[in-house]
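# Summary of structural features
If you want the building blocks of each chain, they are given just below.
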Amino acid sequence: MTCRTVDIALVELDEAALLASGAELRRSLPWLGAQPSIPPSNALLNALAAKAYLHRGNHLELRIEGTFGSELVLVVPDGQWSWR
């Protein structure tokens, strides 16, 4: 697998990817699921993402530290994200 580390602050997810990632975050992070007033946004992902990788197929992988040492991996397909 060939990938490179990217700065999450330099990428922006489109609306569909934000909604999908927001739903996954709410399921995986109980403290976030308890806060329905916090909408999914690029700023939220920027604050939560520990690492971001760009893979050869041009899909973006975001790794977010969860509760009790768990790690959530969100994969954003090519076309659902762009450079800022």
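Quick note: structure is the one above.
First, a word on scope: everything that follows refers to the structure included in this document. (Residues numbered from 1 in each chain as written. Predicted model: local features only at pLDDT ≥ 70, side-chain atom pairs only at ≥ 80, totals over all residues. Heavy atoms only, no water.)

A separate point is the overall build of the protein chain. Across its full length, the protein chain holds 3 helices and 6 strands. Traced from its N-terminal end to its C-terminal end, the protein chain shows the element sequence β-β-α-α-α-β-β-β-β. C-alpha extents for the protein chain along the principal axes are approximately 35 × 30 × 15 Å. Counting only contacts in the protein chain whose residues sit at least 6 apart along the sequence, the fraction spanning at least 24 positions is 53%. By element, 55% of the accessible surface of the protein chain is carried by carbon and sulfur atoms, the whole surface being about 5100 Å². (Helix = DSSP H or I, 4+ residues; strand = E, 2+ residues; numbered from the N terminus. Contact = heavy atoms within 4.5 Å. Areas by Shrake-Rupley, 256 points an atom, 1.4 Å probe, with all protein chains shown as cover.)

Bringing the packing of aromatic side chains into the picture now. We describe a pair of aromatic rings using the distance from one ring centre to the other and the angle between the two ring planes. This structure, assessed with the given rule, holds 1 aromatic pair. Between W81 and W83, the aromatic rings sit 5.2 Å apart at their centres with planes inclined by 80°, giving edge-to-face as the arrangement. (Phe/Tyr/Trp six-rings, centres within 6.5 Å; stacked < 30°, edge-to-face > 60°.)

Helix length check: helix 1 (residues 15-28), at 14 residues, gives a terminal C-alpha distance of 20 Å against a target of 20 Å (1.5 Å per residue), a fit within 8%. Of the positions making up helix 1, those classed as buried are A17, L18, S21, G22 and L25. All buried residues of helix 1 lie within an arc of 130° about the axis, which places them on one face of the element. Exposed positions of helix 1 whose direction lies more than 90 degrees from the buried face are L19 and R27. On its buried face, helix 1 is in contact with strand 2 (11-13), helix 2 (30-33), helix 3 (42-48), strand 4 (60-65) and strand 5 (71-76). The N-capping residue of helix 1, defined by a side-chain oxygen 3.3 Å from the backbone nitrogen of A16, is D14. (Expected span 1.5 Å × (residues − 1). Buried < 20%, exposed > 50% of the residue type's maximum accessible area, 1.4 Å probe, protein only. Arc of directions from axis to C-beta. Polar contact = N/O pair within 3.5 Å; in protein donor to acceptor, adjacent residues only side chain to side chain.)

Okay, the nonpolar core next. Of all hydrophobic cores here, the largest spans 22 residues; its most connected members are L13, L25, L45, L60 and I64. Contributions of two or more residues to this core are made by strand 2, helix 1, helix 3, strand 3 (49-55), strand 4 and strand 5. Those residues in contact with L25 that lie beyond four places of it in its chain are L32, L45, L48, I64, L72 and L74. (Core = buried A, V, L, I, M, F, W, Y, C linked by side-chain atoms within 4.5 Å.)

Note that every value here comes from positions in space, so none of it alone points to a role or purpose.
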